[in-house]
Amino acid sequence: MTFEQKKIIIAIDGFSSCGKSTVAKGLAEKLHFLYIDSGAMYRATTLYCLENNIIINGVVNEEKLNKSLDNIHIEFISDKGAGTYFTFLNGKNIEDDIRNIEVSNNVSNISIFKKVREKMVALQRAYAIENSIVMDGRDIGTVVFPNADLKIFMTADVKIRATRRYNELLQKGQKVSLQEIEKNIMDRDEKDQTRAISPLKKANDAIVLDNSYLTHEEQLNWVIAKVNSIINN
Ligand code: DC
């Protein structure tokens, strides 16, 4: 007789640029779970829309968008040696392209559409069929995996988030102002929380992590303590 090991799902939701992916990646590495960055999927779809004139000056051609969805193939390919994942769109590594300010400024206009979300949610759920998983995003604990074993809701002071993102982009050689980043973060928070379908909100059973004044190590230890408490219960 073979025993199926129970697959564990950890959902990490929260505001833009509050370090969800750093915590989620660190946790997945520690637990040997698969890590999926659901925001990267919405960003990849947005990049496709920008490259194919589906969104122009922030205005989306919904008909063209819906017709194009079958042509958008998103994959996460791991570089096993380095332990990192890269987002691929139609066979091309777009990991850096999807982090630029143009994509950031447009992604909340694309992620409001029902058909886009349906496609992303189906892809996201498929990853959990065969894997224990850590997934970060906005609606993971509320919509994608309402029965997740552990739900974390992350938040941090907006000025601290903006400064962190600014330093990250500076390091990558992207020229942006701190004000521009802060505005982008506040705009996305507002749009993510107020959209009609799957808005960003804390699941009732999620535990809040405010990491404004916590180091990466402190955050990881905090989350690992929560994981241990669910595994040992
Ligand atoms: O996590 P991120 O900042 O890379 O996500 C980019 C955008 O994608 C975010 O502003 C809203 C959208 N998003 C979403 O609507 N639902 C998710 N599960 C993840 C991201």
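Scroll up for the structure.
Residues numbered from 1 in each chain as written. Predicted model: local features only at pLDDT ≥ 70, side-chain atom pairs only at ≥ 80, totals over all residues. Heavy atoms only, no water.

(A) Quick look at the site of the ligand. The environment of the ligand is formed by 15 residues, the closest being Arg-43, Arg-117, Asp-139, Arg-188 and Arg-195. Here an oxygen atom of the ligand and a side-chain polar atom of Arg-117 are 2.8 Å apart. Separating an oxygen atom of the ligand from a side-chain N or O atom of Arg-188 is a distance of 2.8 Å. Protein coverage of the free-state accessible area of the ligand, which is 450 Å², stands at 96%. Mapped by element, the contributors of at least two residues to the shell around the ligand are helix H2 (38-51), helix H4 (101-110) and helix H8 (178-194). At four residues, the largest contribution of residues to the shell around the ligand is made by H2. Looking at the shell around the ligand residue by residue, the classes come out as three nonpolar, five polar and seven charged. (Near = heavy atom within 4 Å. Polar contact = N/O pair within 3.5 Å; in protein donor to acceptor, adjacent residues only side chain to side chain. Areas by Shrake-Rupley, 256 points an atom, 1.4 Å probe, with all protein chains shown as cover. Helix = DSSP H or I, 4+ residues; strand = E, 2+ residues; numbered from the N terminus. Nonpolar A, V, L, I, M, F, W, Y, C, P; charged D, E, K, R; others polar.)

(B) The arrangement of the side chain of Thr-45 in detail. By secondary structure assignment, the location of Thr-45 is in helix H2. Residue class for Thr-45 comes out buried when judged on its relative accessible area of 0%. Polar side-chain contacts of Thr-45 include one of 2.8 Å to the backbone oxygen of Met-41. (Buried < 20%, exposed > 50% of the residue type's maximum accessible area, 1.4 Å probe, protein only.)

(C) Representation of empty space enclosed by the protein within the structure. For the structure on display, the rule yields one cavity of 30 Å³ or more. Taken as a whole, the largest cavity holds about 40 Å³ of empty space. Those elements giving two or more residues to the lining of the largest cavity turn out to be H4, helix H7 (158-171) and H8. Of the residues in the lining of the largest cavity, the class split is three nonpolar, two polar and three charged. (1 Å grid on protein atoms, 1.4 Å probe; cavity = no way out; pocket = protein on both sides within 12 Å on 5 of 7 lines; lining within 4 Å. Points joined across faces, edges and corners; volume = space filled by probe spheres on them.)

(D) Seen up close, the sheet that holds strand S1 (residues 9-14). The strand order across the open sheet formed by five strands is S2-S8-S1-S9-S10, and the pairing between neighbours is parallel. Looking along the sheet, the strands with just one partner apiece sit at the ends: strand S2 (34-37) and strand S10 (207-210). For this sheet, the mean angle separating the axes of adjacent strands, direction not counted, is 20°. Relative to strand S8 (residues 133-137), S1 is paired through five bridges, and the arrangement is parallel. Within S8, the residue paired with Ile-9 across the bridge is Ile-133. H2 contacts S2 and S8 of the sheet and is inclined by roughly 40° relative to S2. Here helix H9 (residues 216-231) sits on the sheet and contacts S1, strand S9 (150-155) and S10; the angle it forms with S9, its principal contact strand, is near 160°. (Pairing = 2+ DSSP bridges. Axes fitted to C-alpha atoms, helices over the stretch in contact; angles between N-to-C directions. Contact = heavy atoms within 4.5 Å.)

(E) Broad picture of the sheet that holds strand S6 (residues 84-89). Pairing within the open sheet is antiparallel, and its three strands lie in the order S5-S6-S7. The open sheet has two edge strands, strand S5 (74-79) and strand S7 (92-93), and neither has a second partner. Strand direction decides the pairing type here: S6 and S7, joined by two bridges, are antiparallel. Bridged to Leu-89 within S7 is Lys-92.

(F) View of the pattern of salt bridges. Enumeration according to the criterion identifies twelve salt bridges in this entry. Between Glu-118 and Lys-114 there is a salt bridge; the shortest N-O distance is 3.3 Å. Here the residue Glu-118 and the residue Lys-114 both occupy positions in helix H5 (residues 114-127), the gap between them amounting to four residues, near one helical turn. Between Arg-138 and Asp-192 there is a salt bridge, with the nearest N and O atoms lying 3.1 Å from each other. Separated by 54 residues along the polypeptide, Arg-138 in the loop between S8 and helix H6 (140-144) and Asp-192 in helix H8 bring together distant segments of the chain. Three or more residues joined by partner-sharing salt bridges are found here, namely Asp-37, Glu-95 and Arg-99. (Salt bridge = Lys/Arg side-chain N within 4 Å of Asp/Glu carboxyl O.)

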